[in-house]
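Examining the three-dimensional arrangement
Below, each chain spelled out in residue letters.
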Amino acid sequence: MTAHVDSGNPPPRPDVPRIGVDEPVAQGGAEHAQPTSFDQLDDHELLRMHVAGNPDSFGFLVKRHRDRMWAVAIRTLGEPEEAADALQEAFISAFRRADSFRGDAKVTTWLHRIVVNACLDRIRRRQVRAADPLPEDEDRAAELAGPAEDDPAEVRERRMDVLNALKQINEDQRAALVLVDMEGYSIEEAAAILDCAPGTVKSRCARGRAKLLPLLRHWQTSRQESAAEAVGTE
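Now for a look at the structure at hand. It should be emphasised that the depicted structure is a prediction, and the values quoted were computed from it without experimental measurement.

**Details of the state of the cysteines**
Going through the model one piece at a time under the given rule, you end up with 0 disulfides. Distance from the sulfur of Cys196, which forms no disulfide, to the nearest cysteine sulfur (Cys205) is 9.4 Å.

Here it is in structure tokens:
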């Protein structure tokens, strides 16, 4: 039987520090005298304008995508403060490295890659700092929230159990599961973000799910028992 990590909803995004302004009034410079609505521009154009010196376009690009980037960060790191710091590091890196974007992929793919790398870097630094480093298959893991249930207390308990279970899988498997099972990316898209072959993403997801299954089996058993009880009372 194959385990599948349900998406659910990530914890609310805290006040993540942001680069740039929320809503530009006009583009700067004499050559941009007419006010421009950034809503009408695609990601590639916003990034191109940033590289060309526009002071506001990158801030708007961040505003457009930060919630989804936050979901990736919190699910990869599991701790809001760590996720917020990693996200800010990623945005600063993207701000400074924008001129390295070749334009042969989606801007969101490029941003996701930077965010995932920032999160994985933090995990590795945390492991180096630890007095008793965990073995590879017991790295710190992300929160991959389960599906909504009727009982809010059960939802919270399930999410904590999933968080604890995911401490048993390594960072590469975790990142693949976040992108494929949580964020809904295809194998090919996740491979582009993680900069590896599609077959590698498939393998990481399969191994990660296989490790999660026995750790979360009690939830499946509990649902089956509840269903049986419901049938018995009809």
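**A few points about the packing of aromatic side chains**
The tally for this structure, following the rule as stated, stands at 3 aromatic pairs. Arranged with centres 5.3 Å apart and planes meeting at 85°, the rings of Phe58 and Phe95 form a pair that is edge-to-face. One end of the pair, Phe58, is in helix α2 (residues 57-77); the other, Phe95, is in helix α3 (residues 80-96), and 37 residues separate them in sequence. On the accessibility criterion, Phe58 (2% relative accessible area) is buried. Seen in terms of ring centroids, Phe101 and Trp110 are 5.4 Å apart; in terms of plane orientation they differ by 55°. Their pairing is tilted.

**Description of the pattern of salt bridges**
This structure, assessed with the given rule, holds 12 salt bridges. We note a salt bridge from Glu82 to Arg122, for which the minimum N-O separation is 3.1 Å. Highlighted residues: Glu82 in helix α3 and Arg122 in helix α4 (residues 107-129), separated in sequence by 40 residues. Take Glu82 and Arg122: they sit in the same class, and that class is buried. Through salt bridges with shared partners, a single network forms among Glu82, Asp85, Glu89, Arg122 and Arg125.

**Observations regarding the packing of helix α1 (residues 43-51) against α2**
Put simply, α1 and α2 touch, their axes get as near as 8 Å, and they point 145° apart. As α1 packs across α2, the resulting crossing turns out to be left-handed. Residues Asp43, Leu46, Leu47, Met49 and His50 of α1 form the contact with α2, whose own contacting residues are Ser57, Phe58, Phe60, Leu61, Arg64 and His65. When grouped by side-chain class, the residues that make up the contact of α1 with α2 number 6 nonpolar, 3 polar and 2 charged.

**A short note on helix α7 (residues 187-194)**
Turn by turn, an α-helix covers 3.6 residues, leaving residues three or four places apart pointing in a common direction. Of the residues making up α7, those classed as buried are Ile187, Ala190, Ala191, Ile193 and Leu194. The buried residues of α7 occupy an angular sector of 160° when the element is viewed end-on, so they sit on one face. Positive backbone phi, at 60°, marks Asp195, one or two positions downstream of α7.

**Some details on the nonpolar core**
If you look at the biggest cluster of nonpolar residues, it comprises 53 residues, and the most contacted ones within it are Leu47, Trp110, Val115 and Val201. Elements with a minimum of two residues in this core: α1, α2, α3, α4, α5 (152-165), α6 (171-182), α7 and α8 (198-232). Apart from residues lying up to four places away in sequence, Val201 is in contact with Ala176, Val180, Ile187, Ala190, Ala191, Leu194 and Cys196.

Rules of the game
Residues numbered from 1 in each chain as written. Predicted model: local features only at pLDDT ≥ 70, side-chain atom pairs only at ≥ 80, totals over all residues. Heavy atoms only, no water. Disulfide = S-S within 2.5 Å. Phe/Tyr/Trp six-rings, centres within 6.5 Å; stacked < 30°, edge-to-face > 60°. Helix = DSSP H or I, 4+ residues; strand = E, 2+ residues; numbered from the N terminus. Buried < 20%, exposed > 50% of the residue type's maximum accessible area, 1.4 Å probe, protein only. Salt bridge = Lys/Arg side-chain N within 4 Å of Asp/Glu carboxyl O. Axes fitted to C-alpha atoms, helices over the stretch in contact; angles between N-to-C directions. Left-handed = near helix turned anticlockwise from the far one by under 90°. Contact = heavy atoms within 4.5 Å. Nonpolar A, V, L, I, M, F, W, Y, C, P; charged D, E, K, R; others polar. Arc of directions from axis to C-beta. Core = buried A, V, L, I, M, F, W, Y, C linked by side-chain atoms within 4.5 Å.

These figures come from the coordinates and say nothing about function on their own.
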